[in-house]
Amino acid sequence: MSEENANGAAAPADTAAPTGPAFTVEKIYVKDVSFEVPGAPAVFNETAQPQLQMNLSQNVQRLGENAFEVVLGITLTCKADDKPLYLVEVKQAGVFGMAGFDDATLDGMLGTHCPNVLYPYARNLVSTLVQSGGFPPFLLQPINFDALYAEGLRQRAAQQAGQENGLADTEAAGNA
């Protein structure tokens, strides 16, 4: 047996379960995509400065005990003089495995880490669609999902505090 190890044979695998939190990317895919140029071909003659509006959304669905689907939605609307030039809607999704995280850390992973993994794919798809639609190349700027998540937490806490204060006021008025 010692000769096998000396000759480079692999040591027996440790069959003990891994300890600590585990994060895996199981699958990344496009869930939905739409590109519209409602005024084509006339919009290609527009000379007005285009105005862009971008909206982000995120949806999380638990698929199993340790599996989650995270969908990052990006809607990009480009207008010139209030006339739509194009509209891009992308829903970039991923299935992520997560085990061993406490609830707060799991929420943070779903709200920051997963969108950070998905964003480059969505960003590339938006850029490809815009350019394939006959418009100049467009590259979405990086997004700080940590800051967005922190702001969302702050808003949830303020809303919860407001509801608690409103409930306390209602209770006090009812008891008066």
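Remember, predicted model here, so these are calculated numbers, not experimental data. (Residues numbered from 1 in each chain as written. Predicted model: local features only at pLDDT ≥ 70, side-chain atom pairs only at ≥ 80, totals over all residues. Heavy atoms only, no water.)

Engineer: What's the story with the overall build of the protein chain in this structure? I'm lost.
Structural biologist: Summing up its helical and strand segments, the protein chain has three helices and four strands in all. Reading the secondary structure of the protein chain in the N-to-C direction produces α-β-β-β-β-α-α. Taken over 176 residues, the protein chain has a buried fraction of 27%. At a minimum sequence separation of 6, the contacts of the protein chain that also span at least 24 residues come to 69%. Carbon and sulfur atoms form 52% of the exposed surface of the protein chain, whose accessible area is close to 11500 Å². (Helix = DSSP H or I, 4+ residues; strand = E, 2+ residues; numbered from the N terminus. Buried < 20%, exposed > 50% of the residue type's maximum accessible area, 1.4 Å probe, protein only. Contact = heavy atoms within 4.5 Å. Areas by Shrake-Rupley, 256 points an atom, 1.4 Å probe, with all protein chains shown as cover.)

Engineer: Looking at this model, I keep getting lost on the packing of aromatic side chains. Mind explaining?
Structural biologist: Any pair of aromatic rings gets described here by the distance separating the centres and the angle formed by the planes. Under the criterion given, the structure shown has five aromatic pairs. A centroid spacing of 5.7 Å and a plane angle of 25° characterise the contact between F23 and F96, whose relative ring orientation is stacked. Of this pair, F23 sits in strand 1 (residues 22-36) while F96 is found in strand 4 (residues 83-99), placing the two residues 73 residues apart along the sequence. We classify F23 as partly exposed; its relative accessible area is 26%. Measuring from centroid to centroid gives 4.7 Å for Y86 and F135, while their planes differ by 55°, and the two rings are tilted. Here Y86, found in strand 4, pairs with F135, found in the loop between helix 2 (103-132) and helix 3 (145-175); they are 49 residues apart in sequence, far enough to count as distant. Residue Y86 is classed as buried on the basis of its relative accessible area of 4%. Judged by its relative accessible area of 10%, F135 is buried. Clustering of aromatic rings is evident, with ring pairs tying together F35, F44, Y86 and F135. (Phe/Tyr/Trp six-rings, centres within 6.5 Å; stacked < 30°, edge-to-face > 60°.)

Engineer: Which parts of the structure should I look at to understand the sheet that holds strand 4?
Structural biologist: The pairing of strands in a sheet happens through backbone hydrogen bonds and is either parallel or antiparallel. Taken in spatial order, the four strands make up an open sheet running 1-4-3-2, and their pairing is antiparallel. Each of the sheet's edge strands pairs with one partner strand only, and the pair in question is strand 1 and strand 2 (51-62). In this sheet, neighbouring strand axes are inclined to one another by 15° on average, regardless of whether the strands run parallel or antiparallel. (Pairing = 2+ DSSP bridges. Axes fitted to C-alpha atoms, helices over the stretch in contact; angles between N-to-C directions.)

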